[in-house]
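Summary of the model geometry
Read off the chains here:
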Amino acid sequence: MSEKSVSHRRGATGVSSLAERVLELLASGQATTRTELADLLGAAPSTISLTVGQLVTHGLVAEQGTRSSTGGRPRKVLRLGGSEGFAVAAELGGRHAHVGVVLPGGGLTDVSTVPFATAEGPEAALPGLAETLQGLAEQHGRELLKGVGLSLPGPVDVASGVVTLPSRMPGWNRFPVQAWLEDRFGVPAAIENDANCMAVGEHSVRPAERRQSIMVKMGSAIGAGVIADGRLYRGGTGAAGEITHVRVEAGHDIPCSCGNTGCLETVASGAALVRILRERGLDVATIEDVVRLAHDADPEATRAVRQAGRYLGMVLAANVNFFNPDAVYLGGILSTLEPFVAAVRSQLYEGCHPLVTQHLVIERASLGADAGLVGAGQFALQRALAHALQAVIGTGVAAPHPEARHGAARTGL
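Rules used throughout
- Residues numbered from 1 in each chain as written.
- Predicted model: local features only at pLDDT ≥ 70, side-chain atom pairs only at ≥ 80, totals over all residues.
- Heavy atoms only, no water.
- UniProt positions renumbered as here; feature names shortened; annotations may be inferred.
- Helix = DSSP H or I, 4+ residues; strand = E, 2+ residues; numbered from the N terminus.
- Buried < 20%, exposed > 50% of the residue type's maximum accessible area, 1.4 Å probe, protein only.
- Contact = heavy atoms within 4.5 Å.
- Areas by Shrake-Rupley, 256 points an atom, 1.4 Å probe, with all protein chains shown as cover.
- Axes fitted to C-alpha atoms, helices over the stretch in contact; angles between N-to-C directions.
- Parallel < 35°, antiparallel > 145°, perpendicular 65-115°, else oblique.
- Left-handed = near helix turned anticlockwise from the far one by under 90°.
- Nonpolar A, V, L, I, M, F, W, Y, C, P; charged D, E, K, R; others polar.

As recorded in an unreviewed UniProt entry, the chain goes by Transcriptional regulator and comes from Streptomyces albiflavescens. Reading the Sequence similarities (unreviewed entry) entry of the UniProt record for the chain gives the comment "Belongs to the ROK (NagC/XylR) family."

Secondary structure summary: the chain contains 14 helices and 14 strands in total. With 413 residues in all, the chain has 50% of them scored as buried. Relative to all contacts within the chain whose residues are 6 or more apart in sequence, the contacts with residues 24 or more apart total 63%. Accessible area for the chain stands at about 18300 Å²; split by element, carbon and sulfur atoms hold 51% of it.

With respect to the element layout, Ser151 can be found in strand β6 (residues 145-152). Judged by its relative accessible area of 0%, Ser151 is buried. Among all residues touching Ser151, those that are not within four sequence positions of it are Ala90, Glu91, Leu92, Glu192, Asn193, Asp194, Cys197, Gly372 and Ala376.

Before going further, it helps to examine the packing of helix α4 (residues 122-140) against helix α5 (residues 177-185). Packing of α4 against α5 brings their axes to within 11 Å, and their N-to-C directions diverge by 45 degrees. Of the possible angle classes, the one that applies to α4 and α5 is oblique. Note that α4 runs across α5; the crossing there is right-handed. Residues Leu126, Pro127, Ala130, Glu131, Leu133 and Gln134 of α4 form the contact with α5, whose own contacting residues are Trp180, Arg184 and Phe185. A breakdown of the residues in the contact of α4 with α5 according to their chemical character gives six nonpolar, one polar and two charged.

Shown next, in the form of structure tokens:
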């Protein structure tokens, strides 16, 4: 291959990567103008105008009206081309699935909870869920369905589209969930870990200047999703945020599902609280029972919940000191308990350096139980956009025609 060809391919890769980021920000609603895109991406206004111009040419982005600015001429408002489309999404739990329709820009509608028997395995559980999602798609126009998103309570290999070594999903290990969904629906599908879905969903509705954050999901198990420089950070093998298996001294002799003893999960998760309260003689069978007792101010339940929050706060403090995020968001059913949240917050302020907590935001997820659903839908829409982008890369987005370049530059911001 000639040096010129190599250079062209490198340039195409760079521009297509920028185009992908532009589409992601428009899909999530974090940006609606060229100026906002330039600010968030740290790119030159002329580069953004060029990229947006090409996306408009190929129908992936459209201009819709104007918005007044503090100086200069009004800014053109951008939206996704064909933004009447939507994704259907589901967030899986142990016994139920949270389902809904996610719109470009982060809108959410038709949310409901349906039975879902995770423990029966994918072959038995997925067909019923697919029928529910198919029904949602038909209500909104099946021909407008762009993608399907699934939030899963276990580690996910995103590249392969499979769940890997899940501790609470018997029969799911290495099952091709993504391929199964794409076969069933005929559109791009995205699967992702639940904490990562929550992190992306919550980030999409938070102020744009909060570019570093940690989302902690506190349910039957514990997980975290990390946003670094405005994007989900997965780490080298996709396991970033696996704080549940950090060892804590208090649980040194308690076996964990990972094979070690003393993991955070054994002393601070919902499953751990059920075990602890049973040992103290309380009649509890599920995490919902624990939450009910805590809401009723049962002293044993409140004491256990507060201690679990302290343990989580201790582990989080080390991560917050290291990462120095703008915000820590708390989600999952345990985040509805004030004693738990207060203990986490207190431990963070006690265990972190004052410079780290000086402007640190510690809040419950503003999307509440819907954060993971919004994130799963965003992943599905982004995957659909990536497919559409790849289809047109060879026709101009990666290597714009000189006349298109000139026209886009004249458009300005």
